[in-house]
Every structure is written in C-alpha cells, then in structure tokens.
Amino acid sequence: MFDYLIVGAGFAGAVCAERLASRGRSVVVCDRRPHVGGNAYDHYDSAGILVHEYGPHIFHTDNRRVFDYLSMFTRWRSYEHHVLADVGGKLLPFPINIDTVNKLYGLSLDENSIGRYFSEHAEPCEHAKTSEQAVVGKIGRDLYEKFFRNYTKKQWGLDPSELDASVAARVPARMSHDDRYFGDAIQAMPAQGYTHMFDRMLDHPNIWVVLGVDDRLLRREVCYRKMIYTGPVDGFFDHRYGPLPYRSIQFSFETHASDKFQPEAVVNYPNEHEYTRITEFKYVTGQLHPKTTVVYEYPTSDGDPYYPVPRPQNADVYRKYKALADGTPDVHFVGRLATYRYYNMDQVVGQALALVDQLEGTKAKAA
Ligand code: FAD
Ligand code: UDP
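Residues numbered from 1 in each chain as written. Chains lettered and ligands numbered in written order. Predicted model: local features only at pLDDT ≥ 70, side-chain atom pairs only at ≥ 80, totals over all residues. Heavy atoms only, no water.

Around ligand 2, the structure places 16 residues, and the nearest of them are Thr-152, Arg-170, Tyr-181, Tyr-307 and Tyr-342. Here Tyr-307 contributes a side-chain N or O atom positioned 2.6 Å from an oxygen atom of ligand 2. Surface burial for ligand 2 is 93%, taken as the share of its 530 Å² of free accessible area covered by protein chains. At the level of elements, α6 (141-156) and α7 (165-168) are the ones that each hand at least two residues to the shell around ligand 2. A per-element tally of the shell around ligand 2 places α6 first, with six residues. Classifying every residue of the shell around ligand 2 by side-chain character gives 11 nonpolar, three polar and two charged. (Near = heavy atom within 4 Å. Polar contact = N/O pair within 3.5 Å; in protein donor to acceptor, adjacent residues only side chain to side chain. Areas by Shrake-Rupley, 256 points an atom, 1.4 Å probe, with all protein chains shown as cover. Helix = DSSP H or I, 4+ residues; strand = E, 2+ residues; numbered from the N terminus. Nonpolar A, V, L, I, M, F, W, Y, C, P; charged D, E, K, R; others polar.)

Pasting the structure below:
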C-alpha cells in the first residue's frame, strides 16, 4: 500500500514525489512515456549532442524558493537566452527593443525617443482582452503584423484576436537595448541537463518509478491512499464535458556537420515558413562539439497535448472540469495540463511545492 500514486513524471509529478518522500511518504510515480522529465526531458542524440526532445526548455524565474529547491538536485550553468526574428530578410533582435526598430526602419531612436515612437504608433486600448489588442495597443499595427500576427496564427491555429491578451503579453516590448529573451532575476540551465536533475530528484528509497505505463493500468495493479494527477484534466474525467483544446508541435531534428548553424540560440519565423522557430541546442546547453543539432517546430492540433489554449470559451469548459476535480477529494490535480494553465517550469514547481505544503500541513513560504 503506497501513500500516493503520482501520475506523470514531469516537473509537477517529480517535485510532489520528492517532497512527499522526503517527509516519509511512500510514493509510486508512473508515466506513460518511457522516460522521466515530462516535456523537459533531454538526452544525447546519435551524434552525441544534448537535445531537448520536446523543444527548447530555458529555465528562468523570479522565485527564489523554486530555484533554491531545484538547486538541491543540480548545479547550474549561467545562461541568458537570445532570440532573433526573421523579418523582411533581416535577423532582428526579439523581443522588440530599440535596436529592432532602428534596424527595421533605418531609424536612430534611443532611450529618450523609443517610448514616444511606440505611443505614436500604438492604437490605445484601455483593457486589452485579446493578444491583438495587447500588442497593437502597445507598439502599433505594423510591428504587430510583422512580428506577431503570423507567428501566432501558426503557433495556435488562431488569429491573435481570438486569443487571450496574456499569450502575446508573455513577450515584452523593450524601451532599452536589452536583447535578452527573459527579464527574470534568475536565468540558468541545469549544468548536466534536465533528465540528470530529475534522476536525482526521484532517486529516493521511498519512490518507485514505473515508466511506459498508463495510470489506468497501474491503478488496477497497486494499492494507494491518494492520487496526484498531472496529465490532462479532461482525460481524467473521460472528456465528460467534451475535449479541452490543446496545441501540439511536431519536432523535426537535423544534425549538421558544422560547428554552428545560426547566429543565436533561436531564430523565430513570423513569415511564410510552416515552422515557427529553429533552435540550436549547443547555445542553450553550452556543449562543445564539432557538429550541431537544431530542431524545427511545426505546430499542429493533433498529437501530444503541449499547450493549453488560453481563450474565454476554453476557460469556461475548464471551469466545469475544475468543479469535478474539486469534488474528487482523494485526487489532487497539479501542473500545466491538469490545471489547464500556460505555466512555465518554475510556475509548475511553485504550484507543486504549494500543493505538498497544503497536503502535509506545512506552512507555505512565499511561492
Ligand atoms: P508535463 O511535463 O507535460 O508532464 C506530465 C507527464 O504526465 C508527461 O510526461 C505525460 O507523459 C504524463 N502523463 C499524462 N497523462 C498520463 C497518464 N494517463 N498516465 C501516465 N502518464 C501520464 N517552460 C519554461 O519554463 N521555459 C521554457 O523555455 C519552456 N519551453 C517550452 C517549450 C515547449 C515546446 C513546450 C511544450 C513547453 C515549454 N515550457 C517551458 C513549459 C514546460 O514544458 C512546462 O511548464 C512543464 O514541463 C510542465 O510540467 P508538468 O509536470 O506540468 O507537465
Ligand atoms: N509570439 C509571436 N512572435 C514571436 C514570438 C512569440 O507572435 O516571434 C507570440 C506567440 O503568440 C507566442 C506567444 O507570443 O505563442 C508567447 O511566446 P513564447 O516565446 O513565450 O512562447 P513559448 O516559448 O511558450 O512557445
């Protein structure tokens, strides 16, 4: 008899397992995939290059508790992520900053004039509800059309006018020369990769890991008191209120017999190409190798669920599943798919730490 069955060995499941095991609970963790790490899983490809199987995962957070917690299982390599956007035949810094605007339009704006430039071009919108309103309301229609509209249509299969403002608002417009992708205080990569970190988290005498097994099979085989579920919430309830939409991606890897393929870690393609972005892993991992591997991302509506789709009608359906989840006291739902939230890794770790605090009656520090 286990204290907990945890479904999913990604961040949500692994953090809950480790925290509960460290408090003396016995835990069985299962994942239908043949590996731990969830979407953050990384491994060495046939050329010997460390790649992220489910697309580039860059760790960044303002949450010191989350960082300190993960630091128990990994050393870090300091890393600030840089992205270029392929617009009008030029590779321009993205998120949009002073240099992006100057290089695109041949201007010489500076910190004093960029704010005025944006506000002269913006179409003000007091309470932006959609991603279109959020971007056009801040930086104007031309930059929106060039950098956001088509990328978003490819990524989500929806026009930005059909998506919550929060989606495009993840990417700031900068009134400075700062060309980092993220603004968080802590930006770093696990020195030996994510999978290594997960292996260390789950290496505990109170944790039993079962891979390549769907929870429905395991539920018949093992006895447990409570369950923590990190898979898609609608699947757990047999899609009683219909399927929640998720966006998937098809990843296409290529290895090239050269040291470098592109000038930065990621190049975004807000243009006619079918893929949204190309990532070159060696920039992200810091690995030295005579060859290099890149991944192209082709968004699709079929396939593994990767992204919840933030828009009002989906939030309405999720609310119904949330009510069912709240009425199922011995099952706790945590993580990006189980709570249908467009969460980054650090937010999922924070959510999982908070859940265990609640389950164990320990007081949550600021999460
Ligand atoms: P997951 O990682 O999805 O883990 C859930 C696990 O549950 C999966 O392994 C699944 O196989 C398993 N599972 C589901 N149902 C069942 C079942 N019935 N039985 C058994 N097992 C089951 N975040 C960042 O912070 N920085 C980034 O740069 C970043 N880049 C990303 C890029 C892409 C392309 C994607 C898709 C996501 C990215 N993220 C990034 C987000 C990050 O992947 C998530 O925040 C995080 O991995 C979520 O962890 P999780 O445990 O909630 O879910
Ligand atoms: N986005 C865009 N153009 C870009 C990059 C991002 O329009 O070049 C929009 C797009 O809608 C995307 C969202 O901003 O889904 C959030 O971008 P982020 O890089 O955070 O996406 P993720 O890494 O989660 O896929």
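Picking up after the structure, the text goes on.
Mapped onto the elements, His-57 comes out in the loop between β4 (50-52) and β5 (60-61). Classification of His-57 as buried rests on a relative accessible area of 15%. Of note is the side chain of His-57, whose polar atom sits 2.7 Å from the backbone oxygen of Gly-55. Contacts of His-57, omitting those with residues within four sequence positions, involve Asn-39, Ala-40, His-52, Met-189, Tyr-194 and Met-345. (Buried < 20%, exposed > 50% of the residue type's maximum accessible area, 1.4 Å probe, protein only. Contact = heavy atoms within 4.5 Å.)

With that out of the way, let us pick up the nonpolar core. Among the nonpolar cores identified, the biggest contains 71 residues, and Phe-11, Leu-70, Phe-147 and Phe-148 are the most heavily contacted of them. Residue contacts for Phe-147: discarding those within four places in its chain leaves Ala-85, Val-87, Leu-92, Phe-94, Ile-96, Thr-100, Leu-104 and Pro-270. Among the nonpolar cores identified, the runner-up in size contains 39 residues, and Tyr-41, Leu-163, Tyr-229 and Tyr-321 belong to it. (Core = buried A, V, L, I, M, F, W, Y, C linked by side-chain atoms within 4.5 Å.)

Moving on to helix α3 (residues 98-105). Taken together, the buried positions of α3 are Ile-98, Thr-100, Val-101, Asn-102 and Leu-104. Along its buried surface, α3 packs onto β7 (83-87), β8 (90-94), α4 (114-121) and α6. In this structure Asn-97 caps α3, since a side-chain oxygen of it lies 2.9 Å from the backbone nitrogen of Asp-99. One or two residues past the end of α3 sits Gly-106, with phi positive at roughly 65 degrees.

The subject of this paragraph is the side chain of Asp-184. Along the chain, the position of Asp-184 falls in the loop between α7 and β9 (186-190). At 3.1 Å, the side chain of Asp-184 and the side chain of His-60 are in polar contact. In this structure the side chain of Asp-184 is engaged in a polar contact, spanning 3.5 Å, whose partner is the backbone nitrogen of Thr-61. Excluding anything up to four places from it in sequence, Asp-184 contacts His-60, Thr-61 and Asp-62.

Before going further, it helps to spend a moment on the packing of aromatic side chains. Two aromatic rings, taken as a pair, are described by how far apart their centres are and by the angle between their planes. According to the stated counting rule, one finds 31 aromatic pairs in the structure shown. Relative to Tyr-340, the ring of Tyr-318 has its centre 6.0 Å away and its plane inclined at 25 degrees; by these criteria the two rings are stacked. Here Tyr-318 is found in helix α12 (residues 312-326), whereas its partner Tyr-340 is found in the loop between β17 (331-333) and α13 (345-360), with 22 residues between them in sequence. Like Tyr-318, the residue Tyr-340 is buried in the burial classification. Here a set of aromatic residues connected by ring pairs shows up, and it is made of Tyr-229, Phe-236, Phe-237, Tyr-241, Tyr-321 and Phe-333. A cation over a ring is seen here: Lys-260 above Tyr-283, with NZ or CZ 4.8 Å from the ring centre. (Phe/Tyr/Trp six-rings, centres within 6.5 Å; stacked < 30°, edge-to-face > 60°. Lys NZ or Arg CZ within 6 Å of the ring centre and 35° of its normal.)

The next thing to look at is the sheet that holds β9. An order of β5-β9-β6 is seen for the three strands of this open sheet, with the pairing classed as antiparallel. Each edge of the open sheet is held by one strand with a lone partner, namely β5 and β6 (76-78). The pairing of β6 with β9 spans three bridges and is classified as antiparallel. In the strand pairing of β9, Trp-76 is matched with Pro-190. (Pairing = 2+ DSSP bridges.)

What follows covers unusual backbone geometry. Geometrically, the link from Phe-94 to Pro-95 is a cis peptide bond, its omega value of 5 degrees lying close to zero. The topology assignment puts Pro-95 in the loop between β8 and α3. With phi around 55 degrees, His-239 is a residue other than glycine that occupies positive phi space. Its place among the elements puts His-239 in the loop between α10 (233-236) and β12 (246-256). Owing to a relative accessible area of 40%, His-239 belongs among the partly exposed residues under this scheme. The phi dihedral of Tyr-340 falls on the positive side, at around 50 degrees, and the residue is not glycine.

Our focus in this paragraph is the confidence of the model for the chain. Scored by pLDDT, the chain comes out at a mean of 96, with 98% of its residues at no less than 70. In the predicted structure, residues 363-367 sits below a pLDDT of 50 and forms six contacts with residues beyond four places in sequence or in another chain. (pLDDT = per-residue confidence, 0-100.)

Topologically, Thr-279 is positioned in strand β14 (residues 277-280). Between the alpha carbons of Thr-279 and Val-267 there is a distance of 6.7 Å; along the sequence they are 12 residues apart. Excluding anything up to four places from it in sequence, Thr-279 contacts Pro-56, Gln-262, Ala-265, Val-266, Val-284, Thr-293, Val-294, Val-295 and Glu-297.

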